[in-house]
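Chain by chain, the residues run as shown.
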Amino acid sequence: MHWDSILAAVLSLAVVIGLLIFFLKPHWTLKIIVWLLRHTVVNLRVIGGANIPESGPVLIVSNHVSLIDLLLIQSISPRPVRFMIQQEVLEFVPTRFIFWYLGVIKVPNLRRPKAMQRFFERSRAELRKGGVLCLFPEGGISGNGGLMRFKSGVAPLLPAGVQVSVIPVRIGMLWGRLFTIFRGKLKYQKPRTLPVQFNLNIGDPVSPELSAFQLRQRISELGAEAEMGPQPNEVPIHTAFALRAKRHPFAVTYYDADGTRVTNFEMLVRAAILSKKIRALDIGESGYVGVLMPNCTVLASLMLGVMYSDRTPAVINFSAGADVALEAARRAGISVILTSRKFLAKLGWEAAPEMVFLEDVAKSVTKREKKRAALRILLLPRRMLVRRLAPLSGFNVQRQAVLLFSSGSTGRPKAVMLTHRNINCDLWAFWRVIVWSKADRIVGNLPLFHAYGFTVEFAFPAMSGTPTVYVVNPLDSAGVVKAIEEFNITILTATPTFLQNYIRKAKPEQLRPLRLVITGAEKLRPELAAKFRALTGLEIIEGYGCTELSPIVTINLCNSIFQLGRHADHPGSIGTPLPGIHVRVVDPDTGFELGPDQPGRMQVKSGIVMKGYLNDPEQTRNVLRDGYYDTGDIARIDQDGYVYITGRASRFSKIGGEMVPHELVEQAIAKIRGREEREVAVTGRGDAKRGERLVVFYTPDDLDPAAIVEALRGEKMPNLWIPKAEDFVKIDHLPLLGSGKLDLKKLRQLADGL
């Protein structure tokens, strides 16, 4: 027998075996496909694989973000998995053969009771035989990568008298990478990196009696747990910038609104020189270097320089005033503050002993130092360069990235410690949901002492390379509008108060480049949203966050990313948690988790939760419990997973034994007035008879307190919620913080002084 005959026989046998496997063992085919993908373009990280039983009936309950989900779930089960797919998805023509081949079980429409009964009987029969089923309770593929509403629990699927293991699975880091279905069409999005990163977190068995809402909450929690620790190939912020600058030295990431542009190479040289100068400073034992500068490219290089020196930047909140800001810095043990004489003069501050002026640092830099830094950056390989620049922090994401000071809206500012893992977790989640492209541009209008400014307008550009244009003063509305027009800004973030000012200065054509506008820090007024929609055709997307959470927690995304920025679902909501972030609402008294639409204290679990408050272990223990951060906000979560803020626990008055929410009273007055801008602020003060009474501070001359009280009664508000006309107080302007939030501490002081 000739060798060619032997080879032909072997190939024929291989083809026969392959066809037999393909037609008789579909799950083997899926495993082979996944094996090939995992060794080429996919990096699949599985957590809790041992939780899938090797024998006995199993019902897997998973979220559904892509057509690839079936491959991933089959890969984690040692036995064949029968998938239960909604009839609407099965009817999608391009995938009919795949579903037929896999032998999926069709989930009929709820309006067909007989078909639904047959579906239940078939599912129960499969489980009685000891099979493995998989249910996607959302009923379809997520339109925005987040969890959608779970349509039902699993109890009706389970046969009586049979113990079935119900296993929750969360599929993460997938949306926007491969395939999904939108309006009956197959949609593909090019992966940002190869290999594509996926993770599957498989939880412990759960009770089959859990409601649909409880199942959804458990899978959401699995998502948060999967991203608590460092992720594959994760690096700190300054390392990400160095690696990107080496790959794209002539690209520009950071601009000034006056037209100043600094290439990545120039930025890296600046930061490297600064890091050497900072190492020579005596910063004491704290490890912090204070940074007191407005938004500009110099500030970006300074932040990177502090990080490369293996120190932690502590960004000074200059809007709080010299006394408050410097006292907070000294309380944190900061002995060196980098600033400039020019900026100090603009603030009207006196020089302090801790201050080191950048004008003096610049004069001390020699030509030789510049040449050496440039040559080192040019010649050293990327990872070696990072090890030389930042030997201690270059590849440690658990180190602190920044020290930020909370707004102090309710009291003395707290020093919040955020790690690189915290920031990375948040910006990756943000990156996933905004449908980012290389055409995007960000305006850097929020100061970097603001957590949102630091994460989105400094760290995110460093990581992604998104060009960012810095505006020195966020109150410079004309300057912000001009930057949007001249630099083709596509993403704008601001508080409603700032947005109101921008609209006043803008013509429709100046805002035309925008595709996504996100607001937070205070309640978005419907009148402002309507005016912005009329001006631009865009919806203002409301979000929620706080410094302790790095800061973004939720964004009110529409149900499809393909309509992002032009449509918002669930008006009045702050949205659903970003991927990898879990939100729950608990009873304020018992601490037990509440069900849908029940108001309680809002708590967050995720890799975004801060390390803690500096030098304040007691306050840290008060807000961090069992992996959750207690926000202090009162909220509810609806069946779809959208979160609604009722108010802050500190923004209630207890009148006659009942809790009266200040923000709802403000909203009611704003609705009566029909104005776009904030005109009133409600707080409380002591009352001998009822414990507390409401005080309404207002600014417009044409506001008639008696008419407002009468209108509130006409709205049928509870009597305790209606302030008395004599408790309306006219003031010149409402007290605001630099972030645009109400200064609640100052507001209370004004009320107590009446």
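Above: the structure in question.
So, how was this worked out
Counting of residues starts from 1 at the beginning of each chain's written sequence and follows it residue by residue. Side-chain atom pairs in this predicted model are given and counted only at pLDDT of 80 or more, local residue features only at pLDDT of at least 70, and totals for whole chains, interfaces and linings cover all residues. With hydrogens and water excluded, all non-hydrogen atoms of the structure serve as input to the side-chain values. By definition, any uninterrupted DSSP run of H or I lasting at least four residues is a helix, any uninterrupted run of E lasting at least two residues is a strand, and each is numbered from the N terminus. Burial here depends on accessible area, computed with a 1.4 Å probe over protein chains only, as a share of the maximum for the residue type. Under 20% is buried, over 50% is exposed, and the range in between is partly exposed. With residues, only the protein chains shown are counted as cover, and all accessible areas are computed by Shrake-Rupley using a 1.4 Å probe. The salt bridge criterion pairs a side-chain nitrogen of Lys or Arg with a carboxyl oxygen of Asp or Glu, the two atoms within 4 Å. Side-chain atoms within 4.5 Å link the members of a nonpolar core, which is a set of buried Ala, Val, Leu, Ile, Met, Phe, Trp, Tyr and Cys residues. Only heavy atoms matter for contacts: two residues are in contact if any of them lie within 4.5 Å across the pair. Pairs of strands are assigned from DSSP output, requiring at least two bridges between the strands. Axis definition: a line fit to C-alpha positions, over the contact stretch in the case of helices; interaxial angles, taken between N-to-C directions, run 0 to 180 degrees. The charged-residue count follows a simple rule in which Lys and Arg add positive charge and Asp and Glu add negative charge, with His and chain termini not counted at all. In the analysis that follows, any N or O atom pair within 3.5 Å is treated as a polar contact, provided that within protein one partner can donate a hydrogen and the other can accept it, and provided that, for residues neighboring in sequence, both atoms belong to side chains.

Engineer: Break down the overall build of the protein for me, with residues and values.
Structural biologist: Of the regular secondary structure elements, the protein holds 24 helices and 35 strands. Every one of the 754 residues in the protein was classed for burial, and the buried ones make up 57%. As presented, the protein carries roughly 32,700 Å² of accessible surface, and 55% of it is formed by carbon and sulfur atoms.

Engineer: Please provide a residue-by-residue account of the pattern of salt bridges, values included.
Structural biologist: On inspection of all chains with the given rule, the structure shows 28 salt bridges. Of the charged contacts, one joins Glu 227 and Arg 170 as a salt bridge, the two residues approaching to 3.5 Å between their closest N and O atoms. Placement of Glu 227 in the loop between helix H7 (212–226) and helix H8 (237–247) and of Arg 170 in strand E6 (residues 165–172) is noted, with a sequence separation of 57 residues between them. Across the pair Glu 234 and Arg 421 runs a salt bridge whose closest N-O atoms are separated by 2.9 Å. Of this pair, Glu 234 sits in the loop between H7 and H8 while Arg 421 sits in helix H16 (residues 420–433), and the two are 187 residues apart along the sequence. It is possible to trace a salt-bridge network through shared partners that takes in Arg 218, Glu 221, Glu 225 and Lys 605.

Engineer: Account for the nonpolar core, with residues named and values stated.
Structural biologist: Membership of the largest hydrophobic core comes to 152 residues, with the highest contact counts inside it found for Leu 403, Phe 454 and Phe 458. If you tally residues by element for this core, the top one is helix H17 (residues 451–464), at nine residues. Beyond its immediate stretch of four places on either side in the chain, Phe 458 contacts Ile 237, Tyr 254, Ala 300, Met 303, Leu 304, Met 307, Leu 448, Gly 453 and Tyr 470. Judged by nonpolar contacts, the second largest core, of 28 residues, contains Leu 30, Leu 70, Ile 167 and Ile 202.

Engineer: Please provide a residue-by-residue account of the sheet that holds strand E5 (residues 132–135), values included.
Structural biologist: Spatial strand order, E1-E9-E6-E2-E5-E3-E4: seven strands in an open sheet with mixed pairing. Here the strands that pair on one side only, and so sit at the sheet edges, are strand E1 (42–47) and strand E4 (105–107). The average angle at which neighbouring strand axes cross in this sheet is 25°, direction not considered. As paired elements, E1 and strand E9 (residues 196–202) share six bridges and run parallel to each other. Bridge assignment links Ile 47 to a residue of E9, and that residue is Asn 201. Sitting on the sheet, helix H6 (residues 113–128) touches strand E2 (58–62), strand E3 (81–86), E4 and E5, and the angle it makes with E4 is about 145°.

Engineer: Describe in detail the side chain of Arg 244, supporting the description with residues and values.
Structural biologist: Relative to the helices and strands, Arg 244 is located in helix H8. Of the buried charged residues, Arg 244 lacks a salt bridge, with Asp 440 as the closest side chain of opposite charge at 13 Å. Within polar-contact distance, the side chain of Arg 244 engages the backbone oxygen of Met 463 at 3.2 Å. Residues within four places of Arg 244 in sequence aside, it is in contact with Ala 462, Met 463, Ser 464 and Gly 465.

Engineer: Describe the pairing of strand E33 (residues 680–687), listing the residues and the values that go with them.
Structural biologist: A large share of E33 lies buried, amounting to six of its eight residues. With eight bridges joining them, E33 and strand E34 (residues 691–698) adopt antiparallel strand pairing. The residue of E34 that forms the bridge with Arg 685 is Arg 693. The hairpin turn running from E33 into E34, its antiparallel successor, is three residues long.

Engineer: Provide a residue-level description of helix H18 (residues 477–486), including the pertinent values.
Structural biologist: Along H18, the positions that sit buried rather than exposed are Ser 477, Gly 479, Val 480, Val 481, Ala 483 and Ile 484. Elements in contact with the buried residues of H18: strand E18 (442–444), strand E19 (468–470), strand E20 (491–494) and helix H19 (496–505). Trailing H18 by a residue or two, Asn 488 shows a phi angle of about 55°, which is positive.

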